[in-house]
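For reference, the chains in residue letters:
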Amino acid sequence: MACTGIENIDEAITLLEQNNWDLVYGGDTLHGPAYGPTSHSTAASSSSSSSAFRHVVPSRQIVERQPRMLDFRVEYRDRNVDVVLEDSSTVGDIKHILENELQIPASKMLLKGWKTGDVDDSTVLKTLHLPKNNSLYVLTPDLPPPSSSHSGALQESLNQNFMLIVTHREVQREYNLNFSGSSTIQEVKRNVYDLTSIPVRHQLWEGWPTSATDDSMTLAVSGLTFPCHRLTVGRRSSPVQTREQSEEQCTDVHMVSDSDGDDFEDATEFGVDDGEMFGVASSALRKSPMMPENAENEGDALLQFTAEFSSRYGDCHPVYFIGSLEAAFQEAFYGKARDRKLLAIYLHHDESVLTNVFCSQMLCAESIVSYLSQNFITWAWDMTKEANRARFLTMCTRHFGSVVAQTIRTQKTDQFPLFLIIMGKRSSNEVLNVIQGNTTVDELMMRLMAAMEIFSAQQQEDIKDEDEREARENVKREQDEAYRISLEADRAKREAQEREMAEQFRLEQIRKEQEEEREAIRLSLEQSLPPEPKEESTESVSKLRIRTPSGEFFERRFLASSKLQVVFDFVASKGYPWEEYKLLGTFPRRDVTQLDPNKSLLEVKLYPQETLFLEAKE
């Protein structure tokens, strides 16, 4: 401003940038005021002084100011958009350009990355005093994530590590916490609870992005600044809070939990009800009952119990079994010995002063939740309403006996909630422990572990007995299987023999039938042959000598005028049908069966005598 004489710093910087910060331009020299000699007269001094002070205003007439251009690189998911605008434009102008480029409504965009404070669509860019090059990014929390194109970038974000610098407001202490992008906001808050002893529902945060509206959201999509983001946490104060209560809130949770029920009986004398003693208004805790009165279906009652428990104390709580108590027994006790678990029955009572602390600090502690999940089937019931209380006592008498039912019946309201640890045995169900609400996390964990030791010893015996029983059953099954296989083999062998005998019988029958048929044909041919002419016959006679495949010979005389078919019939009558055998001549060697059977012996040159031999056809 001193060099240019322009009071507006943006115009001064723009003018200097356009001239490469050269202080000599347009025929003038940019400099501050210069004073002439002081030895002149006043008038001269005045004249000299006015001429010596080189104000820059005339130079603005020489070089007219041009608008300053700003470059923005805007990142949205896997895209980068370059935007160039005058500094007289607004943030809304950038959104309108991005709306055309990204096809996203401007109203759905959150433009992040500004170096200054609050920025809205009407903010003029030059009022933000931005450098020439800027980087921004767009968030669209109201739009669903893309299904495929963004999966790679999202996976990369989930694998990134975020450094969260969390400041504990009351003690002015910073914690540097590393979380992966796949961690949820709820996990961050639970970790902060471990560090600050501020329960999640009492935590008052500053610094979360406006897009982080759901505790189940992962850090990768919550809009946190990568790789480092600052947050501040404090304890949420109740509307009415005395000095003593403020000091009590800073004490360890276990100091409250170690007290017995009698310490809370007169809490209302100080003008604070049960819920407000622990920083939560009673109306917030009792918006609706944990369980409907006179619920006919236990599964539906447990569904409402689980939903109400989550709304009051958060999602980090034991996984309650949804179903009847008998079904919980079945799940816990009647599977294989290795799969059996202890049954934990949580008895809730809204009127007890210990309920809020027990649920929020003990039952919802991550160590307790994890241990119960691994080793117990957890079932719950609300004892607040008299009808539900009477119904549970009836179930208790049926399953555990009157002694246990009487023990629960005599418990006072301020001794609730109760935690019953049940172990299933061969003939009955045994109550190992009844834990009252005036306990601590460590004591609760120790009693759960003690019950597990007893259960583990019993489970090992059950596993041993079950293994021995299974071994005996396996041996018996193997023997039965071997016997079954032996019977199957004998039956298969017998059936094979029967099939073979039947086949042999069938073939024998066929053979006999064929032989009988051939014999009938032979006899028929033999009878149909003309009589053999005598040697002294006056007619021309042909004498044929025929050799069989076995080397035997048989002879016969035929009239020379007889047809060759008569010779074929004669050979067939001897058991050598011409369909199976061929009749061969010697000199010259020829197949007589290929000759015309209707020709005479004289015509085929089998006269006056001929020696033939039989040969089986292939």
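Residues numbered from 1 in each chain as written. Predicted model: local features only at pLDDT ≥ 70, side-chain atom pairs only at ≥ 80, totals over all residues. Heavy atoms only, no water.

Looking at an unreviewed UniProt entry, one finds the chain named Fas associated factor 1 and attributed to Strix occidentalis caurina.

## Some words on the overall build of the chain
The secondary structure content of the chain amounts to 18 helices and 19 strands. In the chain, which comprises 618 residues, the proportion classed as buried is 39%. Within the chain, contacts between residues separated by at least 24 positions form 65% of all contacts whose residues are at least 6 apart in sequence. (Helix = DSSP H or I, 4+ residues; strand = E, 2+ residues; numbered from the N terminus. Buried < 20%, exposed > 50% of the residue type's maximum accessible area, 1.4 Å probe, protein only. Contact = heavy atoms within 4.5 Å.)

## Quick word on the sheet that holds strand 4 (residues 79-86)
Strands sit in the order 4-3-6-5 across an open sheet of four strands; the sheet is mixed. Edge positions in the open sheet fall to strand 4 and strand 5 (110-112), since each of these has one partner strand only. Recorded for the sheet is a direction-independent mean angle of 30° between the axes of neighbouring strands. (Pairing = 2+ DSSP bridges. Axes fitted to C-alpha atoms, helices over the stretch in contact; angles between N-to-C directions.)

## Structural notes on the pairing of strand 12 (residues 376-382)
For a regular strand, side chains alternate in direction, first toward one face of the sheet and then toward the other. With seven of seven residues buried, strand 12 is to be regarded as a mostly interior element. Burial of the side chains of strand 12 extends over both faces: Phe376, Thr378, Ala380 and Asp382 are buried on one face and Ile377, Trp379 and Trp381 on the other. One ladder, built from seven bridges, connects strand 11 (residues 342-348) with strand 12; its direction is parallel. Among the inter-strand pairings, alanine 344 is bridged to a residue of strand 12, identified as threonine 378.

## A few points about the sheet that holds strand 9 (residues 203-206)
Taken in spatial order, the four strands of this open sheet run 8-7-10-9, and their pairing is mixed. Single-partner strands in this sheet number two, and they are strand 8 (173-180) and strand 9. Looking at each pair of strands side by side, their axes are set apart by 30° on average, direction ignored. On top of the sheet, helix 6 (residues 185-196) reaches strand 7 (161-168), strand 8, strand 9 and strand 10 (228-235); it is set at about 145° to strand 8, its chief contact.

## Let's talk about the environment of serine 89
Along the chain, serine 89 turns up in the loop between strand 4 and helix 4 (91-102). Since its relative accessible area comes to 12%, serine 89 is described here as buried. Separated by 19 residues in the primary sequence, serine 89 and leucine 70 have C-alpha atoms spaced 9.7 Å apart. Sequence-distant contacts of serine 89, that is, excluding residues within four places in its chain, are made with Thr123, Val124 and Leu125.

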